[in-house]
Amino acid sequence: MEDETRQLALLIRSVNDYAIYMLDPQGYIRSWNPGGERIKGYAEAEIVGSHFSRFFTPEDIATRLPHRALDAARKQGKFEGEGWRVRKDGTRFWASVVIDPIWRDGELIGFAKVTRDVTERHQAQLRLQEAQAQLAQAQKNEAVGKLTLGLAHDFNNLLAVMVNCLELIDLRPGADARTHELVAVAQRAADRGTLLTRQLLSFGCGHPMAMERRPLDALLQASMELYRRACGGHLSFHDELGQTGIVDVDCGQLEAAILNLIVNARDACRDGGSVRLRSSIWEGRSPYAPDQPPRAYARIEVADSGPGMEAEVAARAFEPFFTTKTVGQGSGLGLSQVFGFATQSGGFAIITSEPGRGCIVALCLPLVTEQAHVQ
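Because the structure is predicted, anything quoted here is derived from the model rather than measured.

Peer 1: Please provide a residue-by-residue account of helix α10 (residues 251-268), values included.
Peer 2: Between its first and last C-alpha, α10 extends 26 Å over 18 residues, near the 26 Å set by a 1.5 Å rise per residue. Along α10, the residues classified as buried are C251, Q253, L254, A257, I258, L261, I262, A265 and D267. The opening residue of α10 is D250, an N-cap whose side-chain oxygen sits 3.1 Å from the backbone nitrogen of Q253.

This is the structure:
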């Protein structure tokens, strides 16, 4: 029996990938192995006799998770869970934990606790979930875009008939001043309908683009005063332009897309605040083409210090006609135009926002590796 005990102790002390140690019935540490020192940073001499709750985050300690874990192990025969734990140096790691009660003659004499550092697996799962969510959103936007494209084309055809008829009515001999006035009102409404159609076509990727190969930094700098004025006087505007590169882009639609983002940011900061326009190089995969290899993008961000959005609202923000503004203050087509422009340009647009932490809309355009024939 003594030999078996010695062999077991030797086995536990040879394990480096798992922290394996004993707790007394109150949760105080009674043994320690090299795996515990490697994962958590404490030597045996400085940790034995301490309460195992020192490995938990302050948030978990406040909810009495350490005590609840021991209680669950005692009552249910085992406790299993995952969560953040704290090393000696204060850094956190994602731990997979198992606690088993140890009984002798019907009396609880302690607990056996096994902890494994699974931070890399946890981060990989989070990245996978984020990619899956982005892909699902991209597929949803694509489906809405196809529907929007069909409706926009039909609406555009109807508008063409209406505009032609109005012109014929206006040209009829004998038309009085009142008739000309009514025709003018109807033509203005038709013009607004034409603009609406263009925005819908832009979202549905059905609007032709005049692509030019241009240095993005110069394009942003050339329109900076326009962006600054669009913020209004009650906000502070900051530009943080980094070195990006050459892009193939419709310059007019790029300016319109950024202007849409800045106006949205301005409207979000009704009580004052700040708007930032940033540019940088970003490398990675488009959420709309996760199977494609990663590449370099020029990333343009418009960030505001407004109230932010719930995740459910941010997920729908690119949909046409979806808006959080009150009636008459927005058509819900600004962000859909940005989405359509980004997609037609071979890039993508994403939103990052949390309640109380503002909003960031990033427009990513593929960088051109061949920089010849730049205007």
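Peer 1: If you had to explain the sheet that holds strand β2 (residues 79-86) to someone new, which residues and values would you point to?
Peer 2: The strand order β1-β4-β3-β2 describes an open sheet built from 4 strands, whose pairing is antiparallel. Among the strands making up the open sheet, the edge pair consists of β1 (18-23) and β2. Within this sheet the neighbouring strands show an average axis-to-axis angle of 25 degrees, counted without direction. Two elements, β2 and strand β3 (residues 92-104), share 8 bridges in a ladder whose sense is antiparallel. Following the sheet pairing, E80 is matched in β3 by V98. Lying on the sheet, helix α5 (residues 65-76) is in contact with β1, β2, β3 and β4 (107-117); it crosses β3 at an angle near 40 degrees.

Peer 1: I'd love a proper account of the sheet that holds strand β10 (residues 348-353), names of residues and values included.
Peer 2: Reading across from one edge, β6-β8-β9-β11-β10 is the order of the 5 strands in this open sheet, with mixed pairing throughout. This sheet does not close on itself; its edge strands, each paired only once, are β6 (235-241) and β10. When the angles between neighbouring strand axes are averaged without regard to direction, this sheet yields 20 degrees. In this sheet, strand β11 (residues 359-366) lies alongside strand β9 (residues 295-304) in antiparallel orientation, the contact comprising 8 bridges. Bridged to E301 within β11 is A362. Docked against the sheet, α10 engages β6, β8 (273-284), β9 and β11, running at close to 35 degrees with respect to β9.

What counts as what
- Residues numbered from 1 in each chain as written.
- Predicted model: local features only at pLDDT ≥ 70, side-chain atom pairs only at ≥ 80, totals over all residues.
- Heavy atoms only, no water.
- Helix = DSSP H or I, 4+ residues; strand = E, 2+ residues; numbered from the N terminus.
- Expected span 1.5 Å × (residues − 1).
- Buried < 20%, exposed > 50% of the residue type's maximum accessible area, 1.4 Å probe, protein only.
- Polar contact = N/O pair within 3.5 Å; in protein donor to acceptor, adjacent residues only side chain to side chain.
- Pairing = 2+ DSSP bridges.
- Axes fitted to C-alpha atoms, helices over the stretch in contact; angles between N-to-C directions.
- Contact = heavy atoms within 4.5 Å.

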